[in-house]
There are 2 protein chains.
Amino acid sequence: MELCMDLIQLAHGSGGRMMHQLIRDYFVPAFDLRTLNDSAVMDEPASGRIAITTDSYVISPLFFPGGDIGMLSVCGTVNDLSVSGARPLYLTAGFILEEGFPLKDLKKILASMTEASLKAGIRIVAGDTKVVDRGKGDGLFINTAGFGIIEDGISLSPFNITVGDRIVLSGSIGNHGISVMALRNGISFEPDILSDARPLNRLVERMLGITGNIRVMRDPTRGGLATTLKEFAHDSGLCMRISEGSVPVRPGVRGACELLGLDPLYIANEGILVAVVDRGDAEALVCEMRKTPEGAEAAIIGEVTEAPKRTVLLNTEIGGSRIIDMLSGDQLPRIC
Amino acid sequence: MELCMDLIQLAHGSGGRMMHQLIRDYFVPAFDLRTLNDSAVMDEPASGRIAITTDSYVISPLFFPGGDIGMLSVCGTVNDLSVSGARPLYLTAGFILEEGFPLKDLKKILASMTEASLKAGIRIVAGDTKVVDRGKGDGLFINTAGFGIIEDGISLSPFNITVGDRIVLSGSIGNHGISVMALRNGISFEPDILSDARPLNRLVERMLGITGNIRVMRDPTRGGLATTLKEFAHDSGLCMRISEGSVPVRPGVRGACELLGLDPLYIANEGILVAVVDRGDAEALVCEMRKTPEGAEAAIIGEVTEAPKRTVLLNTEIGGSRIIDMLSGDQLPRIC
């Protein structure tokens, strides 16, 4: 039986003593909150440009094979900064708790955030908690905002993409989306399909050290690889031509997609990135990426061509080709 | 009759075409989003330290006399930065929308955010939208994170507070909380009690220009003036001794508090600040603050004494004194 005192109450959001206790007992030990002032103050790095990003996390369920909303909320924002070419430094964390949420779950989620922060080498420097009435939320939502520095000389943008460039993927697709989807549908796999959620900043740092000719990077989360490539095609005005056989998909994910009638190209990922790179550097880059745990499955999956303009073309394994567009509707709601 | 196409649908959060359209049609025109990349990139200011803060806004109802959740989400975060002594520069905005939320309300709220940003002179540089199923949210929650610069030489902290310092309040208390509370309870006043929500960064800039002897500032939001003073007393180890008669409370708010059985000292504010300042500079500071619209009601409300330690003491108008503590429970849930 859960006692009332083990659950979030509206008064935990009131600004009074109960909120102060919640922050002191749960948030301060988990994060690097050196003061409870309204703003965190840090020394400014010596050079570079500032990168800022934000993401809210509303994934359902909160715990899934390979992770939970806490680690997701750190990794997702770290990765958004990383693929912009930034070195992530600081995160903020805002919590919207539903009245009745178990404090033991909050504790687990905060521990995951701490663990992910340590793994990524970043600091959570400011936080906020709000409580909404029972039935006006869904347990817990987290927003994180991230702050990082882009070193001088690094400028990634889809507008840099050039005909002949190679498209590099850092790992297999669909793991995150399928792990959550399987859980929601009560399907189990042997072995379990785990979410790929993980910080990519160390991989990105390594990649930027190998070549100065990366045009753009992005992490294909909501909307999957297809949507990210479509964005590249749209912004560059060129064609992203990928080969079906070269896109890594693990057998379990492939099987689950067939079972559920889903296309892995549209499934959300949380621990891979796609980069467009000068053709001369692609092989060496992939070779180096494969030496890292995050990049062990890295592959060149295609190239950039002049036409058809603003298009993603998939060369299928049976020799045909099809146009890949954005999904209009919703394949997997609340996947991140 | 509202058509389905006028309401938020789950697919608006999917990462696909509908989400791209929502961002293009609603968020890009409202904010200063120059790219739809995952991170915004800005030049770094030349000097100073970095201030970072975050707040989620879950106020109910979303629209209230004198403002709405949109302007609140900008002002609240601008003010958190300002009272830390920072010049606010950039905000991020994360939206959690409930399926079925009217797009026309979203439009109004975004327009308020734009207006408040212009008023404060800050830029919203990165955003995110998520959609949750009907019944798993409450229309709209907003998180904003803020980024600013604290110029060299400015260092505000309750640890700076010294015996003899004066306590300065920039305006009358209780306006925000009572405006929302009255609306919730279907009580109307003549004239309407309006929320005080507004950006305070220009007032703070002016204050910091007048004296280098401000010890600490804070905006007494959730938990009201009482909670903020209690935090000062706790951190400084000293006594904050205020005089009831000198704390500005507008007649409408005073009447409403009597009617509703509330203490204005605990009511949330969104457009005032409390500062502790060297006794020699207090008069001149208040005099200068009164020349601004945000500081028109500024007053010295008390002083810092040695004992009783870690205590807030209120000298009442009838000549007694009482100890002011933090509220344990919840006076007004979801006030910001």
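How each quantity is defined
- Residues numbered from 1 in each chain as written.
- Chains lettered and ligands numbered in written order.
- Predicted model: local features only at pLDDT ≥ 70, side-chain atom pairs only at ≥ 80, totals over all residues.
- Heavy atoms only, no water.
- Salt bridge = Lys/Arg side-chain N within 4 Å of Asp/Glu carboxyl O.
- Helix = DSSP H or I, 4+ residues; strand = E, 2+ residues; numbered from the N terminus.
- Contact = heavy atoms within 4.5 Å.
- Buried area = accessible area lost by both parts, 1.4 Å probe.
- Polar contact = N/O pair within 3.5 Å; in protein donor to acceptor, adjacent residues only side chain to side chain.
- Nonpolar A, V, L, I, M, F, W, Y, C, P; charged D, E, K, R; others polar.
- Pairing = 2+ DSSP bridges.
- Buried < 20%, exposed > 50% of the residue type's maximum accessible area, 1.4 Å probe, protein only.
- Expected span 1.5 Å × (residues − 1).
- Axes fitted to C-alpha atoms, helices over the stretch in contact; angles between N-to-C directions.
- Parallel < 35°, antiparallel > 145°, perpendicular 65-115°, else oblique.

J.: I would appreciate a short explanation of the pattern of salt bridges in the present structure.
T.: Oppositely charged side chains may form a pair once their charged atoms are brought near each other. Tallying each qualifying case throughout the model produces 42 salt bridges over all chains. Among the ionic pairs, aspartate 105 of chain A bridges to lysine 104 of chain A, the shortest N-O distance being 3.8 Å. For aspartate 138 of chain B, the salt bridge goes to arginine 334 of chain B, with nearest N and O atoms at 3.0 Å. Taken as a pair, aspartate 138 of chain B in the loop between β6 (123–132) and β7 (140–150) and arginine 334 of chain B in the segment after β14 (321–324) lie far apart in primary sequence, 196 residues in all.

J.: Sorry, what's going on with the interface of chain A and chain B here?
T.: Many structure descriptions define interface size as the accessible area lost when the parts assemble. On the chain B side, the residues contacting the 75 residues of chain A number 75 residues. Together chain A and chain B conceal approximately 5900 Å² of surface at their shared face, both sides included; 54% is due to carbon and sulfur atoms. Across the chain A-chain B interface, the total number found is ten salt bridges. In this structure, arginine 17 of chain A engages aspartate 325 of chain B in a salt bridge whose closest nitrogen and oxygen atoms are separated by 3.3 Å. For the pair chain A and chain B, the interface holds 18 residue pairs in polar contact (both at pLDDT 80 or more). Among the secondary structure elements, those contributing two or more residues to the side of chain A that touches chain B are α1 (17–30), β1 (40–42), β2 (49–57), α2 (69–83), β5 (87–98), β6 (123–132), β7 (140–150) and α6 (224–236) of chain A. Taken together, the residues of the side of chain A that touches chain B sort by class into 32 nonpolar, 24 polar and 19 charged. Judged from the three bridges that link them, β2 of chain A and strand β1 (residues 40–42) of chain B form a sheet pairing that is antiparallel. When the bridges of β1 of chain B are listed, isoleucine 52 of chain A appears paired with alanine 40 of chain B.

J.: Looking at this structure, how should I read the side chain of aspartate 55 of chain A?
T.: Assignment of secondary structure puts aspartate 55 of chain A in strand β2. You can call aspartate 55 of chain A buried: its relative accessible area is 12%. A distance of 3.1 Å separates the side chain of aspartate 55 of chain A from the side chain of lysine 130 of chain B, its partner in a polar contact. Apart from residues lying up to four places away in sequence, aspartate 55 of chain A is in contact with Thr77, Asp80, Ile142, Asn143 and Thr144 of chain A together with Asp128 and Lys130 of chain B.

J.: For this particular structure, what's the right way to read helix α3 (residues 103–120) of chain A?
T.: The α-helix advances 3.6 residues per turn, and as a result positions three or four apart in sequence lie on the same side. Residues and elements named next belong to chain A. In this model α3 runs 26 Å from its N-terminal to its C-terminal C-alpha over 18 residues, within 8% of the 26 Å that 1.5 Å per residue would give. Inspection of α3 places Leu103, Asp105, Leu106, Ile109, Leu110, Ser112, Met113, Ala116, Ser117 and Ala120 among the buried residues, and these make up the whole buried set. Where α3 ends, the next residue or the one after it, glycine 121, has phi of about 75°, a positive value.

J.: Explain the packing of α1 of chain A against α3 of chain A here, please?
T.: When two helices pack together, their arrangement is given by the angle between their axes and by how far apart the axes lie. Residue and element names in this part refer to chain A. Look at α1 against α3: their axes get within 8 Å of each other, and the N-to-C directions meet at 25°. The angle between α1 and α3 places the two elements in the roughly parallel class. Residues Leu22, Tyr26, Phe27 and Ala30 of α1 touch α3, and the partners they reach there are Leu103, Leu106, Lys107, Leu110 and Thr114. Along the lines of polarity and charge, the residues of the contact of α1 with α3 split into seven nonpolar, one polar and one charged.

J.: I tried to follow the side chain of threonine 292 of chain B on my own but got confused; where do I start?
T.: Residue and element names in this part refer to chain B. As for its placement among the helices and strands, threonine 292 is situated in the loop between α8 (279–289) and β12 (299–305). Accessibility expressed as a relative area gives 6% for threonine 292, which makes it buried. Here methionine 289 takes part through its backbone oxygen, which lies 2.7 Å from a polar atom of the side chain of threonine 292. Contact partners of threonine 292, with chain neighbours within four places excluded, come to Leu203 and Arg206.

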